[in-house]
Structure formats: structure tokens, C-alpha cells
Amino acid sequence: MEGDITKLSIQILDKHGNVVEGNTHIQIPVVQREIPIHVRSGYVFNTEAGKQVLRNLNFLGFFSNVEVNPRTDENKEEGVVVEVKLKEMDQKSAELGVHCRIIVPGRRELPATTSLQPGGTVTVDRRNLQGLYRSFHVSATTSNFFEPWDDFSFKLEYAHPYLDGVYSPINSTLRLSCFNSSKLSPVFTEGPSVDKVPPIWVDRAGIKANITESIIHQTKCTYGLVMEEITTRDKRRNICANGQRVLPNGEISADGPPTTLSGTGIDRMAFLQANISWDNTKFVNGAVVGDRNVLQVDQGLGIGTLFPLFNRLQLTVTQFIQLRSVEEGAGKPPPPVLVLHGHCGGYIGDLPSYDAFTLANPYTVKGYRMGEIGAARNILELAAELRVPVKAQYVYAFAKHGNDLGSSKNVTGNPTQVYGRICHGSSYGVGVKLGLLKAEYAIDHYSGTGAIINLLANSFIDA
């Protein structure tokens, strides 16, 4: 429907879908600021304008349902009344997700009650404090409820949007968080010609404060301070100061590259972090076209273990090129799209191994194990993907390359050389997107072997 907009109506719905009259938890000015000016009285309504309203309001993450319904104005010929209907998410929520693993004790032993290892995640949210969408989020995760401290991780975050007022065009949001996480380090990974390397876990605990500002449409800047303690551990959760390797007699030797800057297995540091993102993408019949770029800088302050000073810079550039013009509208086929992607990173100063750039994972250079290509101070990743629509889905072909630019030898202890990795690698393949899932066949250029990969459709060049 198209026509001159005569009225914009914002309606708040209860959980039963009925319009709520009078006071609600939703501040109408918060909603109004997200509605583009060309969806106001006096402008011409069109379908794309309605889609923009849906995207803006859904992006807030405040509402369980958003509807934009244009209807004919009975009092004016060719007039359009735009109704925006909103259903707020529950202000309080708590969720418990549980999984259970069975640990088989041995070939001749049957699993017992002690072989069951239940784990899961507890999440608690408190939303829309004071009607301005300030919120608390708490989550805690462990793989073993009986011994939770072995791999316990948590996050506590407070978000304070509209820091400088609802009517400010900058829309600053303050976030304060404390966290604890544990992840397998891809730096200490074997290459194609080396036997399996014992894993190293990197635990991070600390606090983070940042402010996000909207500069112009779809362009945001985030800056803040991070203070954290980093501990490296072996598979038995003991503090580990060096990487490990398996000797010919089966014993494990801890004489590999240092895992931390201090050489003790524990580092503490503080640094500034800032990033700016430019997002000029849009949807054409469901296909993403346009460009999206992100620049991030981490700057060490000389505070912490051995007074670390460093600068870490990353730039990501992605182009979604529409290859053919198509008629836009509901049910119309999307255009074929060529995606070109580049990511480069550089590190100057004190570099602990856990912060080195790693090459190869299921979302970048595919067909390799995590970190199998190398760990380096500087990296360059390039990718191209051709997407061709087939009915409601699309098939695609891709080619990707990652290179350490000769900088892996500048990582302390040179874990890339110690563990027999190859410093650069390429892959290519084909895939099909089925709803939220992808099925891919990727061939790594080094060995010439292929592998089938199944993953969620959120790769680094996806929308």
C-alpha cells in the first residue's frame, strides 16, 4: 500500500494482543526516536519504509513482537494511517538449560551413577527498568553441576541506554560487566605433520566498562576499559606456564612455548578498547546487499604484569555486491550476490601467546582445525563467495585464504614452528543454506582432502 501518511499511531499490546490504554512500562519517546522521519505525517508511505521501522524496532531487542500495519484513512482519499503495534518482552525472566554427559569409565566397566555428568546454563534477566530499557543480565555455565568450579564461567552485565537523554541523536549506551570465561586456546594446536598436542585452556576473569554511541545511521562507535586476569591451564585444570608435547614414550613434556607474558601461567593487564562499525547493508527480497566494515583498536596502558604496552589493530571489510537487478516485493526471488571479504590485523609491543592472531576456524579459512595454519603477530585473510538463489534458499561456492605475512616467528617461543604448522593456507568448496543451517563441503589446499561441515548460518560474511 502506498499513499500520503495522515497519521502515525503507536499501540502497546498486552500478552493477549489487546491494546493497553493509559500507563505502560514503555516510554513512547523511546519508540518514536527509532521511527524514521519519512514515516511521519506528510510523507509518502511505501513498503521499504515499513521494513525499516520493523528493522529498527526489532534491533532494540525490547519487544517480543513488532507489527507495522498501514491502512486506508477513511477521512481522506488516498490517505494512509500507519499503525505500529508493539508487544513488550516479559520484564523478568529466568531460564535453566540442562545437558547430561555419560563418562565411560573403561572397556570392562559399566557406567554408574557417578558416570553421569549433568551441566547447563542458568540465565536471569531483568528488563526495562524505569521504562527506559535499563537492564540486568546474569548467566552462569558449567559442564558439571557436581564439581562446578572446574570450568565455571559467568557474566553479570548492566546496560544503561539513553545515557544522555532520550532525545539525544547520539544515543549513548553504558555497559558495565564482570565476567569469567574458559576457552580452549587455538595457539597450542598441532599442524598437519605433528601428533596431537595436549590442550591448553585460557581462563579470563575481569571487569569491562564501555560506551556505545550512534554516530549516523547504522554507524556506531564503542570505547571503554578492560581489566582482566588471564590464567592458562592444562587439561587437568592445573596452572600451566608452558605449552606441552607428547614424548615418544607417551609421557607429556611441558617444555613448549610460554603460555603467558610473565612465564608463570598468570597475567594481569588493563587496556583501552575501541571499535567503529559502518553498516550500509540492506535487504533485497531477503538477500543482503551493500557493505559492512569494522575497525577495532586495543591499546595497552602499561598496567599489570611486566607493565605491558601494546597496540592491536584489526580491520574487517565486507562487500555484498548485487549481480542482477530484480523486482522487489513479497514472494519475489532474491538476486545473486557476490561477497568479497577481507580481514587484516597487526600487533605491536608486548604479545602474550593467548592474544596472538590465529589462522583457520570453521568461519574463516575452512577445512582446517582451529588454529591449524598458525599463530602470528600480523595476519591477512581474504575470501570470496558467490551466492545463487534456488527457490527459497541459496547455494554458494567459496574460496578463502589466510596468511601470517611471515610474522609467526615473532610470537614468543614460535608455537607455529614448534607444533609444525604451515603459516599460510587456502580452502575452497560449495555449500547450501537451509533455513538457519548450512551444509558445506570444504577442501583444504595443503592436503587436498575434503570435509563436510555443518554449522549455523552466521559465518563472518553473513548478515
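Just so it is clear, the model here is predicted, and its values are computed rather than measured.

What counts and what doesn't
Residues numbered from 1 in each chain as written. Predicted model: local features only at pLDDT ≥ 70, side-chain atom pairs only at ≥ 80, totals over all residues. Heavy atoms only, no water. Helix = DSSP H or I, 4+ residues; strand = E, 2+ residues; numbered from the N terminus. Contact = heavy atoms within 4.5 Å. Pairing = 2+ DSSP bridges. Expected span 1.5 Å × (residues − 1). Buried < 20%, exposed > 50% of the residue type's maximum accessible area, 1.4 Å probe, protein only. Arc of directions from axis to C-beta. Salt bridge = Lys/Arg side-chain N within 4 Å of Asp/Glu carboxyl O. Core = buried A, V, L, I, M, F, W, Y, C linked by side-chain atoms within 4.5 Å.

Draft legend 1. View of the environment of Asp125. Looking at where Asp125 falls in the secondary structure, it is placed in strand 6 (residues 116-129). Spatially, the C-alpha atoms of Asp125 and Thr212 are 21 Å apart, while their sequence positions differ by 87 residues. Once you skip the residues sitting within four places of it in the chain, Asp125 turns out to touch Gln91, Lys92, Ser93, Phe136 and His137.

Draft legend 2. Region of interest: unusual backbone geometry. Look at Arg237: it is not a glycine, yet its phi comes out positive at around 70°. With respect to the secondary-structure elements, Arg237 resides in the loop between strand 11 (219-233) and strand 12 (245-246). The phi angle at Leu306 is positive, at roughly 60°, despite the residue not being glycine. Looking at the secondary structure, you find Leu306 in the loop between strand 16 (287-304) and strand 17 (310-322).

Draft legend 3. Region of the structure containing the sheet that holds strand 4 (residues 79-88). Taking strand neighbours across the sheet as the criterion, the four strands line up as 2-1-4-3 in an open arrangement whose pairing is mixed. For this open sheet the edge positions go to strand 2 (44-45) and strand 3 (63-72), each flanked by a neighbour on one side alone. Alignment of strand 3 against strand 4, held across nine bridges, turns out to be antiparallel. Bridge pairing in strand 4 links Val68 to Val84.

Draft legend 4. Spatial organisation of helix 2 (residues 47-60). The first and last C-alpha atoms of helix 2 sit 21 Å apart over 14 residues, in line with the 20 Å expected at 1.5 Å per residue. Along helix 2, the positions that sit buried rather than exposed are Ala49, Gly50, Gln52, Val53, Asn56, Leu57 and Leu60. Looking straight down helix 2, one finds that the buried residues subtend no more than 155° of arc, so they occupy a single side. Of the surrounding secondary structure, the elements contacted by the buried residues of helix 2 are helix 1 (28-32), strand 2, strand 3 and strand 4.

Draft legend 5. Main features of the pattern of salt bridges. In this structure the tally under the stated criterion is 17 salt bridges. For Glu83, the salt bridge goes to Arg71, with nearest N and O atoms at 2.8 Å. Placement of Glu83 in strand 4 and of Arg71 in strand 3 is noted, with a sequence separation of twelve residues between them. Residue Glu83 is classed as buried on the basis of its relative accessible area, which comes to 13%. Of the residues examined, Arg71 reaches a relative accessible area of 38% and is grouped as partly exposed. Between Asp255 and Arg245 there is a salt bridge, and its shortest N-O distance comes to 2.9 Å. Of this pair, Asp255 sits in the loop between strand 13 (252-253) and strand 14 (266-279) while Arg245 sits in strand 12, placing them ten residues apart in sequence.

Draft legend 6. Spatial organisation of the nonpolar core. Formed by 27 residues in total, the largest nonpolar core has its most connected members in Met269, Ala356, Tyr368 and Ile373. Among the elements of the structure, strand 11, strand 14, strand 19 (357-359) and strand 20 (374-376) are those that each provide at least two residues to this core. Leaving out residues up to four positions away in the same chain, Met269 has contacts with Val226, Met227, Glu228, Ile230, Ile303, Gly304, Pro308, Phe310, Pro352, Tyr354 and Asp355. In this structure, Ile26, Leu57, Phe63 and Val68 belong to the second largest nonpolar core, which totals 24 residues.

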